[in-house]
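An overview of the molecular structure
Below are the chains, spelled out letter by letter.
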Amino acid sequence: MTVHTIDENAPAIARVTTTVHAPLAVVWSLHTDVDSWAAWLPDVDRARLDGPLAPGASFRWLTHGLDITSTVLELVPGRRIVWGGPANGIDGVHVWTFEETDGAVTVHTEESWAGAPVEAQPAELEAALRASLEAWLDHLKAEAERR
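The structure contained in this document is the topic of the report that follows. Computed from a prediction, not measured in an experiment: that's the story for all the values here.

**Here's the deal with the environment of E124**
Locating E124 in the fold gives a position in helix α4 (residues 122-146). For the pair E124 and G56, spaced 68 residues apart in sequence, the C-alpha separation works out to 31 Å.

Structure follows, in C-alpha coordinates:
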(Lines give C-alpha, C1' and ligand atoms only; values in the text may rest on other atoms or scores of the structure.)
Protein backbone atom coordinates (compact mmCIF):
# COMPACT_ATOMS: atom_id res chain seq x y z
CA MET A 1 0.00 0.00 0.00
CA THR A 2 1.24 3.46 -0.85
CA VAL A 3 1.46 5.85 2.07
CA HIS A 4 0.38 9.28 0.90
CA THR A 5 1.67 12.47 2.50
CA ILE A 6 1.13 16.16 2.03
CA ASP A 7 3.36 18.16 -0.30
CA GLU A 8 6.06 19.41 2.09
CA ASN A 9 7.18 21.92 -0.56
CA ALA A 10 3.74 23.49 -1.02
CA PRO A 11 3.43 27.23 -0.29
CA ALA A 12 0.62 26.61 2.23
CA ILE A 13 0.72 23.88 4.86
CA ALA A 14 -1.31 23.56 8.04
CA ARG A 15 -1.20 20.94 10.80
CA VAL A 16 -3.80 20.76 13.58
CA THR A 17 -4.48 18.22 16.34
CA THR A 18 -7.30 17.80 18.85
CA THR A 19 -8.38 15.27 21.44
CA VAL A 20 -11.94 13.99 21.24
CA HIS A 21 -13.47 12.38 24.32
CA ALA A 22 -15.57 9.81 22.47
CA PRO A 23 -15.03 6.26 21.22
CA LEU A 24 -12.96 5.83 18.07
CA ALA A 25 -15.88 4.14 16.30
CA VAL A 26 -18.03 7.25 16.82
CA VAL A 27 -15.33 9.71 15.70
CA TRP A 28 -14.37 7.63 12.65
CA SER A 29 -17.92 6.99 11.45
CA LEU A 30 -18.87 10.65 11.87
CA HIS A 31 -15.80 11.83 9.97
CA THR A 32 -16.06 9.31 7.14
CA ASP A 33 -19.82 9.65 6.57
CA VAL A 34 -19.23 12.20 3.82
CA ASP A 35 -22.94 12.49 2.99
CA SER A 36 -23.67 13.77 6.53
CA TRP A 37 -20.97 16.47 6.67
CA ALA A 38 -23.37 19.32 5.89
CA ALA A 39 -25.45 18.35 8.94
CA TRP A 40 -22.65 19.07 11.43
CA LEU A 41 -20.03 21.10 9.53
CA PRO A 42 -21.38 24.64 9.06
CA ASP A 43 -18.74 25.43 6.38
CA VAL A 44 -19.92 22.52 4.20
CA ASP A 45 -23.04 23.29 2.19
CA ARG A 46 -23.30 19.83 0.66
CA ALA A 47 -21.25 16.67 0.25
CA ARG A 48 -21.88 13.46 -1.68
CA LEU A 49 -19.73 10.35 -1.90
CA ASP A 50 -19.91 8.44 -5.18
CA GLY A 51 -20.06 4.75 -4.16
CA PRO A 52 -18.40 3.12 -1.17
CA LEU A 53 -15.60 4.85 0.74
CA ALA A 54 -12.45 3.27 -0.69
CA PRO A 55 -9.23 4.33 -2.40
CA GLY A 56 -10.11 5.73 -5.83
CA ALA A 57 -13.61 6.80 -4.76
CA SER A 58 -14.48 10.44 -5.24
CA PHE A 59 -16.78 12.82 -3.47
CA ARG A 60 -18.09 16.25 -4.39
CA TRP A 61 -18.58 18.90 -1.82
CA LEU A 62 -19.32 22.59 -1.65
CA THR A 63 -17.46 24.62 0.97
CA HIS A 64 -16.67 28.34 1.17
CA GLY A 65 -18.23 28.72 -2.29
CA LEU A 66 -15.83 26.19 -3.83
CA ASP A 67 -17.25 23.18 -5.63
CA ILE A 68 -14.61 20.53 -4.96
CA THR A 69 -14.16 16.98 -6.18
CA SER A 70 -11.81 15.03 -3.93
CA THR A 71 -10.46 11.53 -4.48
CA VAL A 72 -9.70 9.10 -1.66
CA LEU A 73 -6.00 8.27 -2.02
CA GLU A 74 -5.56 6.05 1.03
CA LEU A 75 -7.84 4.43 3.59
CA VAL A 76 -6.90 2.48 6.71
CA PRO A 77 -10.24 2.01 8.51
CA GLY A 78 -10.27 3.54 11.96
CA ARG A 79 -6.73 4.89 11.57
CA ARG A 80 -6.09 7.03 8.50
CA ILE A 81 -7.73 8.61 5.49
CA VAL A 82 -6.10 10.72 2.80
CA TRP A 83 -7.86 12.59 0.02
CA GLY A 84 -6.89 15.20 -2.49
CA GLY A 85 -7.47 16.84 -5.81
CA PRO A 86 -7.53 20.13 -7.65
CA ALA A 87 -10.01 22.94 -6.98
CA ASN A 88 -9.93 26.39 -8.58
CA GLY A 89 -6.23 26.06 -9.44
CA ILE A 90 -5.28 24.77 -5.99
CA ASP A 91 -3.95 21.22 -5.67
CA GLY A 92 -4.67 19.97 -2.17
CA VAL A 93 -3.65 16.87 -0.24
CA HIS A 94 -5.38 16.22 3.08
CA VAL A 95 -4.17 13.59 5.57
CA TRP A 96 -6.18 12.57 8.65
CA THR A 97 -4.99 10.19 11.38
CA PHE A 98 -6.90 8.83 14.37
CA GLU A 99 -5.38 7.23 17.47
CA GLU A 100 -7.35 5.99 20.45
CA THR A 101 -5.73 6.10 23.89
CA ASP A 102 -7.51 5.69 27.23
CA GLY A 103 -10.99 6.24 25.77
CA ALA A 104 -10.08 9.42 23.92
CA VAL A 105 -9.15 9.88 20.27
CA THR A 106 -6.32 12.07 19.06
CA VAL A 107 -7.23 13.40 15.63
CA HIS A 108 -4.39 14.91 13.63
CA THR A 109 -4.90 16.55 10.29
CA GLU A 110 -2.49 18.13 7.89
CA GLU A 111 -3.11 19.63 4.50
CA SER A 112 -1.01 21.18 1.76
CA TRP A 113 -2.10 23.57 -0.94
CA ALA A 114 -0.06 24.25 -4.08
CA GLY A 115 -0.76 26.07 -7.33
CA ALA A 116 -0.79 29.56 -8.77
CA PRO A 117 -3.47 31.02 -6.45
CA VAL A 118 -1.48 29.87 -3.41
CA GLU A 119 1.82 31.13 -4.81
CA ALA A 120 0.17 34.55 -5.29
CA GLN A 121 -1.03 34.76 -1.65
CA PRO A 122 0.78 32.11 0.43
CA ALA A 123 0.39 33.71 3.87
CA GLU A 124 -3.28 34.57 3.41
CA LEU A 125 -4.20 31.15 2.05
CA GLU A 126 -2.19 29.31 4.70
CA ALA A 127 -4.06 31.29 7.39
CA ALA A 128 -7.40 30.44 5.73
CA LEU A 129 -6.41 26.78 5.51
CA ARG A 130 -5.40 26.67 9.19
CA ALA A 131 -8.66 28.36 10.26
CA SER A 132 -10.65 25.89 8.16
CA LEU A 133 -8.91 22.86 9.71
CA GLU A 134 -9.30 24.25 13.24
CA ALA A 135 -13.02 24.79 12.65
CA TRP A 136 -13.43 21.28 11.19
CA LEU A 137 -11.75 19.70 14.23
CA ASP A 138 -13.76 21.86 16.65
CA HIS A 139 -17.02 20.71 15.02
CA LEU A 140 -15.90 17.07 14.81
CA LYS A 141 -14.99 17.11 18.52
CA ALA A 142 -18.25 18.78 19.56
CA GLU A 143 -20.46 16.48 17.48
CA ALA A 144 -18.66 13.26 18.46
CA GLU A 145 -18.73 14.19 22.16
CA ARG A 146 -22.42 15.13 21.91
CA ARG A 147 -23.22 11.69 20.49
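**Notes on the side chain of T32**
Tracing the chain through its elements places T32 in helix α1 (residues 24-32). The residues contacting T32, other than those within four sequence positions of it, are L53 and I81.

**Let's talk about α4**
The end-to-end C-alpha separation of α4 is 36 Å, in line with the 36 Å expected for 25 residues at 1.5 Å each. Here α4 has its buried residues at L125, L129, L133, W136, L137, L140, E143 and A144.

**Some points on unusual backbone geometry**
Unusually for a residue other than glycine, N88 sits at a positive phi of about 50 degrees. Mapping N88 onto the fold places it in the loop between β5 (80-87) and β6 (90-101). Even without being glycine, D102 reaches a positive phi, approximately 50 degrees. Examined against the element boundaries, D102 turns out to sit in the loop between β6 and β7 (104-114). Residue D102 is classed as exposed on the basis of its relative accessible area of 79%.

**Quick notes on the nonpolar core**
Note on soluble globular proteins: their nonpolar side chains tend to be buried together. In this structure, V27, W37, W61, F98, V107 and W136 are the most contacted members of the largest nonpolar core, which totals 39 residues. The greatest single-element share of this core, amounting to seven residues, is contributed by α4. Those residues in contact with V107 that sit more than four places away from it in its chain are V16, T17, T18, V20, V27, W96, T97, F98, L137 and L140. In terms of nonpolar packing, the next biggest core, distinct from the first, is built from seven residues, A10, I13, V95 and A114 among them.

Reading the values: the criteria
- Residues numbered from 1 in each chain as written.
- Predicted model: local features only at pLDDT ≥ 70, side-chain atom pairs only at ≥ 80, totals over all residues.
- Heavy atoms only, no water.
- Helix = DSSP H or I, 4+ residues; strand = E, 2+ residues; numbered from the N terminus.
- Contact = heavy atoms within 4.5 Å.
- Expected span 1.5 Å × (residues − 1).
- Buried < 20%, exposed > 50% of the residue type's maximum accessible area, 1.4 Å probe, protein only.
- Core = buried A, V, L, I, M, F, W, Y, C linked by side-chain atoms within 4.5 Å.

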